[in-house]
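# Breakdown of the fold
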Amino acid sequence: MLEGEMDAHLCYEKHQKANEANSRNGYQNKKIKTELGEHQIEVPRDRDSSFNPMLVPKRKSMVDGLENIIISFYAKGMSNSDIEQQVQELYGFEVSTSTISRITSKVTADITSWQNRPLDPTYLIVWMDGIVFKVRQDSKVINKTVYLAVGLGVSGKKEVLGLWLGKNESSSFWLSVLTDIKARGVEDILITATDNLNGFTETISTVFPQATTQICVVHQIRNASKYVVWKDKKTFTNDMKEIYTSPTKEAAKLALDDFAKKWNDKYSYAIKSWYDNWGNLTAFFDFPVEIRKIIYTTNLIENLNGKIRKYTKNKQSFPTDEAVVKSVFLALREATKKWTMPIKQWGIVLNQFLIIFGDRLKI
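Presented here is a report on the structure given in the accompanying data block. (Residues numbered from 1 in each chain as written. Predicted model: local features only at pLDDT ≥ 70, side-chain atom pairs only at ≥ 80, totals over all residues. Heavy atoms only, no water.)

## Considerations on the sheet that holds strand 3 (residues 122–137)
Consider a sheet: its strands pair through backbone hydrogen bonds, and that pairing is either parallel or antiparallel. What counts here: Whether two strands pair depends on DSSP finding at least two bridges between them. For helices the rule is a DSSP run of H or I covering at least 4 residues; for strands it is a run of E covering at least 2, with both sets numbered from the N terminus onward. Fitting a line to C-alpha atoms yields each axis, with helices limited to the stretch in contact; the angle taken between N-to-C directions then spans 0 to 180 degrees. Residue contacts are defined here by distance: any two heavy atoms, one from each residue, within 4.5 Å place the two residues in contact.
Read across the open sheet, the five strands follow the order 5-4-3-6-7; overall the sheet is mixed. Strands with a single pairing partner mark the edges of an open sheet, and in this sheet they are strand 5 (158–166) and strand 7 (212–215). Neighbour-to-neighbour, the strand axes of this sheet turn through a mean angle of 25 degrees, independent of strand direction. As defined by bridge partners, strand 3 adjoins strand 4 (residues 140–152) across 13 bridges and the pair is classed as antiparallel. Opposite W127, over in strand 4, you have V150 as the bridge partner. Seen against the sheet, helix 6 (residues 171–183) touches strand 3, strand 4 and strand 5 and runs at an angle of roughly 135 degrees to strand 5.

Set out below in structure tokens:
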């Protein structure tokens, strides 16, 4: 392959007469590291030293296959020292932790281009949630939030729209996230699914005023149950289930009133949270059953968060903001490899969206 690259570089094959001033000038020995171990090879040289092979570039002793393996190890949560040990055991040679750090740092350029790529004009559903990591800053370890947004496009496929790092989750930071999404080409979001963070619904309406906002019912159940003592919890949650499994919004309201009569004296704050967020908790009742199943919870993005946690669990804290973004990006890349097909019952779901949002949905 190296000889072929030299032929292309000089525009003539070996043993043919040179047409240009430049010509072959012997070989240079070079030691390279690959997924098959460490090897000594001969690299062709030319007289004016302008030949830089793509297969094994100058000043580089490791081929791309091994670099990709190292990046894959890092994405799955292995530390630099763990990767160093693993490479030694598998391939029989040493790769320093500084070399591993240099290889994984190449991902930074990928992150920048991915984070700034254009997005589709319309998304049927966008799920949004935050995940907290510990990051060292100014000799202290503090909590920072990675904000994630996952969109369902008109093709029926899920897509991570981006990741953003900020301090504790807040509606004001979500405003900057939504503004960034809009700046990258998103003109309309039909439905959003989020947790019940204070002010989140108003923030979404500021940037995408036509979006239907659905607060995650599962989040509401967890938040309401926090105020319930253990001996009441099973009965309380069973009674609460009657609300969100009702066939219509009207039936759900009657179930909530019955629920309040039974539990309001003991757990008034939990009951109040249902009434305060009623409009956004019950938005899913306006849609057919197939769409309801997709939007009434943020389970999709929570499952994604769980996979990110799986890949990053070995890191108790991150040394820099760049390190946490790099790790989450690589974990996302691993976790979404199978996102290549439309969601289940996509034909039915798409037809329902076209009927409900026909004037806003262009395919």
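After that view of the structure, there is still more to cover.
## Regarding the pattern of salt bridges
Here the idea is simple: oppositely charged side chains can pair when their charged atoms come close. What counts here: Between Lys or Arg on one side and Asp or Glu on the other, a salt bridge is scored when a side-chain nitrogen of the former is within 4 Å of a carboxyl oxygen of the latter. Only protein chains enter the accessibility calculation, which uses a 1.4 Å probe. A residue is then buried if its area is under 20% of the maximum for its type, exposed if over 50%, and partly exposed in between.
On inspection of all chains with the given rule, the structure shows 14 salt bridges. Across the salt bridge formed by R222 and E302, the nearest N and O atoms sit 3.2 Å from each other. Highlighted residues: R222 in helix 8 (residues 217–225) and E302 in helix 14 (residues 299–312), separated in sequence by 80 residues. E302 sits in the buried class, given a relative accessible area of 18%.

## A closer look at the side chain of H219
Under the convention used in this document: For this analysis, a polar contact is any N or O atom pair within 3.5 Å, provided that within protein one partner can donate a hydrogen and the other can accept it, and provided that sequence-adjacent residues contribute only side-chain to side-chain pairs.
Along the chain, H219 turns up in helix 8. A residue is classified by how much of its surface remains accessible, and H219, at 13% relative accessible area, is buried. A polar side-chain atom of H219 sits 3.2 Å from a polar atom in the side chain of E302. Contact partners of H219, with chain neighbours within four places excluded, come to D129, D195, T298 and E302.

## Brief notes about the packing of aromatic side chains
Selection criterion: Ring geometry is summarised as follows: Phe, Tyr and Trp rings, the Trp one being its six-membered ring, pair when their centres sit within 6.5 Å, and such pairs are stacked at plane angles under 30 degrees, edge-to-face over 60 and tilted between the two. To sit over a ring, a charge needs its Lys NZ or Arg CZ within 6 Å of the ring centre and within 35 degrees of the ring normal.
One pass over the full model with this rule turns up 15 aromatic pairs. Look at F287 and F357: their rings are 6.0 Å apart centre to centre, the planes differ by 25 degrees, and that puts the pair in the stacked class. Residue F287 is found in the loop between helix 12 (278–281) and helix 13 (289–295), and its partner F357 is found in the segment after helix 16 (346–356); the two are separated by 70 residues along the sequence. R309 extends its terminal NZ or CZ atom over the ring of F133, reaching a point 4.8 Å from the ring centre.

## Observations concerning unusual backbone geometry
One non-glycine residue, S49, adopts positive backbone phi at about 60 degrees. Residue position: S49 is located in the loop between strand 2 (37–46) and helix 2 (64–75). We note that D138 has phi near 55 degrees; this positive angle belongs to a residue other than glycine. Position of D138 relative to the elements: it lies in the loop between strand 3 and strand 4. Of the residues examined, D138 reaches a relative accessible area of 65% and is grouped as exposed.

## A look at a positive patch on the surface
Note the threshold: Patches draw on residues past 30% relative accessible area with no salt bridge. Two like charges within 9 Å are joined, as are two nonpolar side chains (Val, Leu, Ile, Met, Phe, Trp, Tyr) within 5 Å. Surface accessibility in these figures is a Shrake-Rupley result with a 1.4 Å probe; residues are shielded only by whichever protein chains are displayed. In this tally Asp and Glu are treated as negative and Lys and Arg as positive; neither His nor the chain ends contributes. All charge positions are set by atom: Lys at NZ, Arg at CZ, Asp at CG, Glu at CD.
On the surface, a cluster of positive charge is contributed by K307, K310, K313 and K338. Tracing the backbone shows K310 in helix 14. Taking relative accessible area as the criterion, K310 reaches 54% and is therefore assigned exposed.

## A closer look at helix 6
Short version of the rule: Multiplying 1.5 Å by the helix residue count minus one yields the expected span of that helix. It is the directions from the helix axis to the C-beta atoms whose arc is reported.
Counted at 1.5 Å a residue, the expected span for helix 6 with its 13 residues is 18 Å, and the 18 Å between its end C-alpha atoms agrees. Where helix 6 is concerned, the buried positions are S171, W174, V177, L178 and I181. With its buried residues spanning 105 degrees around the axis, helix 6 presents them on a single face. The exposed set on the far side of helix 6, more than 90 degrees from its buried face, consists of S172 and A183.

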